[in-house]
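The primary structure of each chain is shown beneath.
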Amino acid sequence: MSERANFPANTVEVHNDTDALIAAAATRFVAVVVAAQAARGSASVVLTGGGTGIGLLESVRKTPGDIDWSLLDVFWGDERFVPAGDSERNDLQARQALLDHVPVDPSRVHPVATSDGEYPDPVEAAAEYAAAVHAHLAEHGAFDLHLLGMGGEGHVNSLFPDTDAVREQHELVVAVPDSPKPPPVRVTLTLPAVRHSRHVVLVVGGAAKAEAVAAAVAGADPVEIPAAGAVGSESTTWLLDRDAAAALPGTAS
């Protein structure tokens, strides 16, 4: 789509296996956060869930470098709209993997509301989360780092192919009432929100995702391959294992 023309080209890094992929993602996390704090005094990250996303947080916990955790704002790219304490919540998984073990400022951690909390309607929960996102962007201009996984059909966050959410061009946060992947009700940042990120890093492993990776890197229509629309204003980096990179030109075995 035409908006990609205003963003830097993709950078692709291929790693031998899942362990190397997670280590590289953790290294990138630390480097971007430390550089942002050095440049602007604080930093912000948007986290992703899934096995690889949580694995990289565990890796960051082990090797945090020079991150000043008290000056880090934490957001999530999407959230499953389930009760507090539900193991499906990306928030809970991230806390167990990293956030409960480092001295973050609780006021700078911005989870999506739970389904049994103050905002039991997902549309209201999305509006409440959008207020936090807008306030952060008004003060800081952009997220520093947006981490993303990708599904085999090319979805990122809870933006699935050929859905209203992936077509959204104005709102930064929307409710998803009918996700094709359970649980069905979610709250997600949109592609316009992703594009309010200085650095976007997509961390993808597995042969089942190779075709979607190749299509996204080649510039597919984001309505068909949502990951193709996930771009950062300063950099967009694909961190892949060899299986996920197999369909890229010059990388097939």
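Residues numbered from 1 in each chain as written. Predicted model: local features only at pLDDT ≥ 70, side-chain atom pairs only at ≥ 80, totals over all residues. Heavy atoms only, no water.

Asker: If you had to explain the environment of V102 to someone new, which residues and values would you point to?
Answerer: As for its position among the elements, V102 is in the loop between α3 (90–97) and α4 (122–140). Sequence separation between V102 and L71 is 31 residues; the distance between their C-alpha atoms is 12 Å. (Helix = DSSP H or I, 4+ residues; strand = E, 2+ residues; numbered from the N terminus.)

Asker: Can you lay out unusual backbone geometry for me, pointing to particular residues and giving the numbers?
Answerer: Glycine aside, residues mostly have negative phi, and peptide bonds are mostly found in the trans state. Omega for the peptide link from P182 to P183 comes to -5°, which places this bond in the cis form. On the secondary structure map, P183 appears in the loop between β6 (173–176) and β7 (186–189). Located in the positive-phi region is N157, a residue other than glycine, with phi close to 45°. With respect to the helices and strands, the residue N157 is situated in the loop between β5 (143–148) and α5 (164–167).

Asker: Before we move on, can you summarise the sheet that holds β7 with the specific residues and values?
Answerer: Read across the sheet, three strands follow the order β4-β7-β6 without closing on themselves; strand pairing throughout is antiparallel. Here the strands that pair on one side only, and so sit at the sheet edges, are β4 (78–80) and β6. For this sheet, the mean angle separating the axes of adjacent strands, direction not counted, is 15°. Looking at chain direction, β6 and β7 are connected through four bridges and run antiparallel. By the bridge assignment, V173 is partnered in β7 with L189. (Pairing = 2+ DSSP bridges. Axes fitted to C-alpha atoms, helices over the stretch in contact; angles between N-to-C directions.)

Asker: Break down the UniProt feature "domain: Glucosamine/galactosamine-6-phosphate isomerase" (unreviewed entry) in the protein for me, citing the residues and quoting the values.
Answerer: Feature annotation in UniProt assigns "domain: Glucosamine/galactosamine-6-phosphate isomerase" (unreviewed entry) to the following positions: residues 17–238. Between the end C-alpha atoms of residues 17–238 the distance is 14 Å, and the span holds 36% helix and 18% strand. (UniProt positions renumbered as here; feature names shortened; annotations may be inferred.)

Asker: How would you explain helix α7 (residues 210–217) if you had to name every residue and give the values?
Answerer: Residues of α7 that are buried include every one of A210, A212, V213, A214 and A216, and no others. Check the buried side of α7 and you find it contacts β1 (10–15), β8 (197–204) and β9 (235–241). The first or second residue beyond α7 is G219, which carries a positive phi of 95°. (Buried < 20%, exposed > 50% of the residue type's maximum accessible area, 1.4 Å probe, protein only. Contact = heavy atoms within 4.5 Å.)

Asker: An account of the environment of V187 is requested, with residue identities and associated values reported.
Answerer: Structurally, V187 can be placed in strand β7. Residues V187 and G41 lie 146 residues apart in sequence; the distance between their C-alpha atoms is 30 Å. Those residues in contact with V187 that lie beyond four places of it in its chain are D78, E79, F81, V112, P122, A125, A126, Y129, V173, V174 and A175.

Asker: Mind laying out the pattern of salt bridges, listing which residues take part and the relevant values?
Answerer: The final tally for this structure, using the stated rule, is 10 salt bridges. Linking D78 and R186 is a salt bridge whose minimum nitrogen-to-oxygen distance equals 3.8 Å. Taken together, the residues span a long stretch of sequence, with D78 in strand β4 and R186 in strand β7 at a distance of 108 residues. Accessibility classification places D78 together with R186 in one group, the buried group. A salt bridge links R198 to D144, with the nearest nitrogen and oxygen atoms 2.9 Å apart. With R198 in strand β8 and D144 in strand β5, the pair connects residues that are 54 residues apart, well separated along the chain. Here R198 falls in the buried class, since its relative accessible area comes to 11%. With a relative accessible area of 4%, D144 lands in the buried category. (Salt bridge = Lys/Arg side-chain N within 4 Å of Asp/Glu carboxyl O.)

Asker: Explain the sheet that holds β9 to me, and be specific about the residues and the numbers.
Answerer: Across a sheet, paired strands are connected by hydrogen bonds in the backbone, their directions being either parallel or antiparallel. A sheet is described by the order of its strands in space; here six strands give the open sequence β1-β9-β8-β5-β2-β3, paired in parallel fashion. The open sheet has two edge strands with one neighbour each: β1 and β3 (72–76). For this sheet, the mean angle separating the axes of adjacent strands, direction not counted, is 20°. Of the strand pairs in this sheet, β5 and β8 are connected by five bridges, and their pairing is parallel. Opposite H146, over in β8, you have V200 as the bridge partner. In the packing of helix α1 (residues 18–40) onto the sheet, contacts are made with β1, β2 (43–47), β3, β5, β8 and β9, and the angle to β9 comes to roughly 160°.

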